[in-house]
Amino acid sequence: MRLWKINRFLSRFHLAIILVFLFLLDGLALLVIVKLDYDSTCERARIVLQKTAISLEERIKRTVIATEAILQSRALRIQEIGLKETISSREEWQRFRRAAEMLPDAGSLWLLDAEGNLLLDSTVYPSRQANFKEREYVAAHRDEGIETFIGPVVKGKITKKYSFTVSHR
């Protein structure tokens with residue numbers, strides 16, 4: 001009778017040890033699977049973000065190059081006919097608007113004086129009154145003589161949308 005109790009005790013003890021081992025083994029397997037899945041997900045996300053960054057970089061380069069060309073052509077036009085004729089003529093405003101429509105991404109063109117006052121806006125004729133003297137590009141053109149400036153992302157005073165500015169002196 002005593003032997004039967006010992007065997008019964010040992011079989012329960014062995015069963016408990018086997019169950020604990022199986023729980024630990026399942027936990028370890030789950031931990032390994034989670035770690036592998038996490039690493040795989042992070043790697044896939046890194047690859048997607050890297051490709052997205054490369055794509056955005058190429059798009060921004062194209063946007064900047066095309067915008068610079070449009071701004072230089074507008075600057076040449078202003079030199080040809082003069083600033084006063086440019087800001088007073090509805091026909092020149094329509095040319096200004098058409099040039100803005102040729103921008104690679106949705107945007108607008110603004111003509112500012114050296115103090116940052118808005119003289120011509122491609123979205124509205126006659127242009128609203130606004131001053132942009134606190135913007136970096138105004139000081140860069142006025143004080144440092146920089147020809148082309150690519151600015152940080154800011155919220156527009158007129159459009160109320162976030163964008164970056166490419167400006168030409």
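I will try to describe carefully the structure that is included in this document. As the structure is a computational prediction, the values presented were derived from the model and not from experiment.

## Let's talk about the overall build of the chain
When its secondary structure is counted, the chain shows four helices and four strands. When the helices and strands of the chain are listed from N to C terminus, the series reads α-α-α-β-β-α-β-β. The burial tally for the chain puts 22% of its 169 residues in the buried class. When the accessible surface of the chain is totalled, it reaches about 12,500 Å², and 63% of it is carbon and sulfur.

## Considering the nonpolar core
Ranked by internal contacts, the top residues of the largest apolar core, which has 13 residues, are Ile-70, Phe-96, Leu-103, Leu-109, Leu-111 and Leu-120. Mapped by element, the contributors of at least two residues to this core are α1 (2–81) and α3 (90–101). Excluding its chain neighbours within four sequence positions, the residues that come into contact with Phe-96 are Arg-74, Leu-109, Trp-110, Leu-111, Leu-120, Asp-121 and Ser-122. Counting six residues, the second-largest nonpolar core is a separate cluster that includes Leu-118, Phe-132, Tyr-137 and Ala-140.

## As for the pairing of strand β2 (residues 118–121)
Pairing of strand β1 (residues 110–112) with β2, which is carried by three bridges, proceeds in the antiparallel orientation. Note on β2: the bridge partner recorded for Leu-112 is Leu-118. Hairpin connection from β1 to β2: five residues lie between these consecutive antiparallel strands, with Gly-116 at a positive phi of about 90°.

## Description of α3
A rise of 1.5 Å per residue sets the reference length of α3, with its twelve residues, at 16 Å; its end C-alpha atoms lie 16 Å apart and thus fit the reference within 8%. For α3, the complete set of buried residues consists of Glu-92, Trp-93, Phe-96, Ala-99 and Ala-100. Buried residues of α3, viewed axially, fall in a sector of 115°; they line one side.

## Notes on the environment of Glu-147
With respect to the helices and strands, Glu-147 occurs in the loop between α4 (136–144) and β3 (148–155). Classification of Glu-147 by relative accessible area gives partly exposed; the value is 42%. Taking C-alpha positions, Glu-147 is 9.9 Å from Gln-72, a pair spaced 75 residues apart along the chain.

## Things to note about the pattern of salt bridges
The tally for this structure, following the rule as stated, stands at three salt bridges. Between Asp-39 and Lys-35 there is a salt bridge, with its nearest N and O atoms 3.1 Å apart. Taken as a pair, Asp-39 and Lys-35 lie in helix α1 at a separation of four residues, close to a single helical turn.

## Overview of α4
Those residues of α4 that sit buried are Tyr-137, Val-138, Ala-140 and His-141. Angularly, the buried residues of α4 cover 165° about the axis, an arc narrow enough to put them on a single face. Counted as exposed and oriented over 90 degrees from the buried face of α4: Asp-143 and Glu-144. Gly-145 sits one or two positions beyond α4 and adopts a positive phi of about 70°.

## Here's the deal with the environment of Pro-126
Of note, Pro-126 is situated in the loop between β2 and α4. Through-space distance from the C-alpha of Pro-126 to that of Ser-89 is 9.7 Å; in sequence the pair is 37 residues apart.

## Observations concerning a nonpolar patch on the surface
Side chains of Leu-15, Ile-18, Leu-19, Phe-21, Leu-22, Phe-23 and Leu-25 sit close together on the surface and give an oily, nonpolar patch of about 720 Å² of accessible area. Within the secondary structure, Phe-23 is located in helix α1.

Scoring rules and cut-offs
- Residues numbered from 1 in each chain as written.
- Predicted model: local features only at pLDDT ≥ 70, side-chain atom pairs only at ≥ 80, totals over all residues.
- Heavy atoms only, no water.
- Helix = DSSP H or I, 4+ residues; strand = E, 2+ residues; numbered from the N terminus.
- Buried < 20%, exposed > 50% of the residue type's maximum accessible area, 1.4 Å probe, protein only.
- Areas by Shrake-Rupley, 256 points an atom, 1.4 Å probe, with all protein chains shown as cover.
- Core = buried A, V, L, I, M, F, W, Y, C linked by side-chain atoms within 4.5 Å.
- Contact = heavy atoms within 4.5 Å.
- Pairing = 2+ DSSP bridges.
- Expected span 1.5 Å × (residues − 1).
- Arc of directions from axis to C-beta.
- Salt bridge = Lys/Arg side-chain N within 4 Å of Asp/Glu carboxyl O.
- Patch = residues over 30% accessible without salt bridge, like charges linked within 9 Å, V, L, I, M, F, W, Y side chains within 5 Å.

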